[in-house]
Amino acid sequence: MSTRYNFRDNEAKWQKAWDEASIYQAHATSPKYYVLEMWPYPSGRLHMGHVRNYTIGDVIARYKRSCGYSVLHPMGWDAFGLPAENAAIQQKVHPQTWTLENIRLMKEEIKSLGISYDWSREIFSCSPVYYVHEQKMFLEFLKKGLAYRKESFVNWDPVEGSVLANEQVIDGKGWRSGAPIERRKLSQWFLKITAFAQELLEDLEKLKHWPEQVKTMQANWIGRSEGARIQFPLINQKDVLEVFTTRPDTIFGASFLGISTDHPFVENLAKGFPALQAFMAECHATGTSQKELDTTEKKGFNTGLSVQHPFLKDVVLPVYVTNFVLMDYGTGVVFGCPAHDVRDYEFAQKYDLSIIPVVKGPEEEGLPYEGDGILINSQFLNGLTTKEAKEEVIKRLVREKIGTSEISYKLRDWGISRQRYWGCPIPIIHCATCGVVPVPEEQLPVKLPQDVSFDQPGNPLELHPTWKNVECPKCHKPAERETDTFDTFVDSSWYFARFCSPHALQPFEKDKAEFWMPVDQYIGGIEHAILHLLYSRFFTKALRSCGYWDISEPFQNLLTQGMVCHETYRDQTGSWLYPHEVEKQGAAFVKSSNGSPVKVGRSEKMSKSKCNVVPAAKIVDEYGADTIRLFMLSDSPPERDFEWTEAGIEGSWRYLNKIWRLVTGNLDEIQSVKLSDAPGHFTPEALSLRKLTHKTIHYVTQDIEQFHYNRYVARLREFSNVLEDFTPSEASERWALSEALHTLVLTMSPALPHLAEELWAELGHPPFVVNQPWPKPQEDLLTVDQVTLAIQINGKMRGTCKIAPDLGKDAARALILDLPFVKAQVQNTMIKKFIYVPGKIVNVVY
RNA sequence: GCGGGCGUGGUGGAAUUGGUAGACACACCAGACUUAGGAUCUGGAGGCGAAAGCCAUGGGGGUUCGAGUCCCUUCGCCCGUACCA
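Residues numbered from 1 in each chain as written. Chains lettered and ligands numbered in written order. Predicted model: local features only at pLDDT ≥ 70, side-chain atom pairs only at ≥ 80, totals over all residues. Heavy atoms only, no water.

A. Summary view of the overall build of chain A. Within chain A, the regular secondary structure consists of 27 helices and 35 strands. Dimensions of chain A along its principal axes, counting C-alpha atoms only, are 105 × 85 × 65 Å. Of all 846 residues assigned to chain A, the portion counted as buried reaches 53%. Within chain A, counting contacts between residues at least 6 apart in sequence, those at least 24 apart form 71% of the total. Accessible surface computed for chain A: about 38,100 Å², of which carbon and sulfur atoms make up 51%. Charge-centre separation for chain A: the mean point of 94 positive side chains lies 2 Å from the mean point of 106 negative side chains. (Helix = DSSP H or I, 4+ residues; strand = E, 2+ residues; numbered from the N terminus. Buried < 20%, exposed > 50% of the residue type's maximum accessible area, 1.4 Å probe, protein only. Contact = heavy atoms within 4.5 Å. Areas by Shrake-Rupley, 256 points an atom, 1.4 Å probe, with all protein chains shown as cover. Lys, Arg positive; Asp, Glu negative; His and termini not counted. Charge placed at Lys NZ, Arg CZ, Asp CG, Glu CD.)

B. Just helix H1 (residues 7-21), in detail. Between its first and last C-alpha atoms H1 spans 21 Å; for 15 residues at 1.5 Å apiece the expected length is 21 Å, and the two agree. Burial in H1 covers these residues: Phe7, Asn10, Glu11, Trp14, Ala17 and Trp18. Here the buried residues of H1 occupy an arc of 135° about the axis, which is enough to place them on one side. Residues of H1 that are exposed and point more than 90 degrees away from the buried face comprise Asp9, Lys16 and Glu20. Buried residues along H1 sit against helix H2 (48-66), helix H18 (616-623), helix H19 (625-634), helix H20 (646-664) and helix H25 (753-762). Ser22 sits one or two residues past H1 and shows a positive phi near 45°. (Expected span 1.5 Å × (residues − 1). Arc of directions from axis to C-beta.)

C. Representation of the pattern of salt bridges in the model. According to the stated counting rule, one finds 46 salt bridges in the structure shown. For Asp58, the salt bridge identified is with Arg629, shortest N-O distance 2.8 Å. You can see Asp58 sitting in helix H2 and its partner Arg629 sitting in helix H19, a full 571 residues away along the chain. Arg629 carries the same exposure label as Asp58, and that label is buried. Put simply, Glu199, Asp203, Lys206, Arg537, Lys541, Arg544 and Glu553 are held in one network by salt bridges that share partners. (Salt bridge = Lys/Arg side-chain N within 4 Å of Asp/Glu carboxyl O.)

D. Up close: the sheet that holds strand S1 (residues 32-37). The strand order S2-S1-S24-S25 describes an open sheet built from four strands, whose pairing is parallel. Each of the sheet's edge strands pairs with one partner strand only, and the pair in question is strand S2 (70-72) and strand S25 (558-561). The average angle at which neighbouring strand axes cross in this sheet is 15°, direction not considered. Pairing geometry for S1 and S2, over three bridges, is parallel. Counted as the bridge partner of Lys32 is Ser70 from S2. Along the sheet face, H2 touches S1, S2, strand S24 (521-525) and S25 and points at about 175° away from the line of S1. (Pairing = 2+ DSSP bridges. Axes fitted to C-alpha atoms, helices over the stretch in contact; angles between N-to-C directions.)

E. View of the protein's contact with RNA strand B. Around RNA strand B, the surrounding shell holds 71 residues, and the nearest of these are Asp78, Arg420, Tyr623, Arg711 and Asn843. When atoms of RNA strand B within 4 Å of the protein are sorted by moiety, sugar and phosphate together comprise 64%. Taking Glu724, its side chain carries an N or O atom lying 3.4 Å from a phosphate oxygen of RNA strand B. Separating a base nitrogen of RNA strand B from a side-chain N or O atom of Gln792 is a distance of 3.3 Å. With seven residues, helix H23 (residues 709-724) is the largest single contributor of residues to the surface near RNA strand B. Partitioned by chemical class, the residues of the surface near RNA strand B number 23 nonpolar, 22 polar and 26 charged. (Near = heavy atom within 4 Å. Polar contact = N/O pair within 3.5 Å; in protein donor to acceptor, adjacent residues only side chain to side chain. Nonpolar A, V, L, I, M, F, W, Y, C, P; charged D, E, K, R; others polar.)

F. Representation of the sheet that holds strand S33 (residues 796-803). Read across the open sheet, the four strands follow the order S33-S32-S35-S34; overall the sheet is mixed. Sheet topology places S33 and strand S34 (833-837) at the edges, where each strand pairs with a single neighbour. Shown here is a sheet whose adjacent strand axes are inclined to one another by a mean of 20°, direction ignored. In terms of strand pairing, strand S32 (residues 787-793) meets strand S35 (residues 841-845) through four bridges, oriented parallel. Bridge assignment links Ile793 to a residue of S35, and that residue is Val844. In this fold helix H26 (residues 809-817) packs onto S32, S33, S34 and S35, with an angle of close to 115° to the strand it touches most, S34.

Following this line, the structure appears as structure tokens:
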């Protein structure tokens, strides 16, 4: 018996054995369990965030397998995207070559972790076999009116002459060129997610096991609000401007109209109005991100036009073109009520507009006051509450035919066009005669051409002569292919369905998909709380309305994991250092290469830019898969951030060896034990061990079910701490020890599959431990006959007392008031209150 | 700016969801053992204090017999913000 566990040989051995037995291949037999981790973007190296994600998923997959479920646990590649193009530009390597090589490397690393994936279902978003279905779906959506074309803004880099992602715009400038970015309009494809706004909102209630904060974020993102649409006729003109407002009650506080720079009326007005044109250009000299738009200084341009107040015939309001009214929300026009809106208040002060308070709050409030209250200065609304006033205004608007009630959503349609090469081509042909023509189904897939160059800026597809120039399928005259590709979120909005029948000729076989779906447990980073998850929910519903299946929600349960963090290090020059470049000298850190002092920064999310990354492959190589898996589970609960430390991984490695010694060191003791022959009598020591064994099963099961993996590991450690001190002296104790060791191996197997497999063999069993049923606790061993009751006197902890857990209140009172330390404190004072929570606490108030 | 979170010893965290704050670990200290190892084993440990005890869950206030947990307020950090994935 070796005292050191040989992870290198064992992990390779068992991974090979699992592979050869194909034990992780999913078979569609009930009951089913579909566990899915978010598929990775193949960046080339596995990082700790991936390891954490896959480990969390693997524990539940293995646990459910032991519980008798038929488990589907697949893995694939979110292989399209911007980094491949950046690599192409920087390293002169084709995006496909770069991507496939990255996949090869990452797959090798994932495999070394021993995750129970069914690799026969592996899929790649960049393969035409995958994206052909996406192109067909898009054409279906087009037929159903769920896809359409409209103009919208992109970040335009005037120096590069290309479109930039928000990420590539830094402080309003292009990341490569440094040139100020402008917003430019392009005609682009959109998916009508707003058609499902109400359903996406309502169905959140069905998602019982989604984190509340994710549901709240999605609900706020959808942003349903009830309000009114009100007409404001322009003075001396025929036109009418329509406003959407959620505060129709404040209509008498209106002092101006704000209209979006992108409103058709403004675009029209700007013709022959150079000052306005200049203002609009000024507003467009910014990127498209919401954060940038919101934090840019609020500006307005007085058009000189004015509108009539809907209820006050002698009041006219000036019309300002503004940079803070969004064309995408409501009607693109707002009325400004400075007394009751912070933004309007600032605007009114800047442009010296009147501020009329019309809502009186419950207390003396300063302005602006955005809360509810009683209406003042408001004609027929005076004295009404905010809620009543809203109803009354709408009633009048409808009666006078100058407005209606309206429900509005913040959610905007999903722009899916990207002016990039490395994505799924949009299957459309533009013809001068026939307009927008879908590529006929028999010509699908539209494959990406291989022969492209990144020597010039912009999308290489634009510059590709033979791919771009085609014949119109309808009139056969020369036409052009759509050169935009899909947003990569499209690829990840249905991959979970493809896994159900990954080799099917259609996107997925309906019966297979309806058998496996919905995903029973979805696991991924919190950063996807809104976009990816909302798009996937939308796609599921859109596919339903196109007749693909009868599924409405893709993910039954959701776990959002926290980030993996690490300390940051900088040398004297301020450059970031990798953890492997520094070493500890006493309490301080120094640079390994020259011994110079290192400044230790706070722990942050692992990122290449700050060099605080630890490559997973290195750790697997040094400590093995089980050690890294154990550490990933031990410290933090999955939804919290995780702190990576060298000490932590060491600690996990030591624990692995401890288990190894514990089991192998007791083999002789339990050699003669037959677990099927339970002894008739147990010594008190044996009984007490058995109680712990069954309590451990009980709690470990609960902890795994609830994803309290750190507690699960803590229970295993507590259990093994006791086992270490247990020396059997007769038969029933040897039996109890054998039961305990078997339980330890079985319960640790979801976390430490390789070690468990090896020890299962050492215990004399044929493979595989992963196919063993999950142990069940014996109920009669879970009862306790005494608990430690906490005793408070006047709310302060004063002592404890051993007591039967179900003792009645009167008996408990007599017993406790008779305790010496209670008597001493209370003496003969009258007891005012005696609070008794059986099994937990007593509070004596005197 | 807006939306959502998080904050507990030197460190990561635990606390049956309003009932003994610090489980389980890491780091540390003291000791044992030795075929000096990536060891292992035993003991200690929130702070102050000789002790009794007092103080402690980012800060301040409140509700309660009782608050890490609920409410108000404030500070700090993190995620998302629609073209990073």
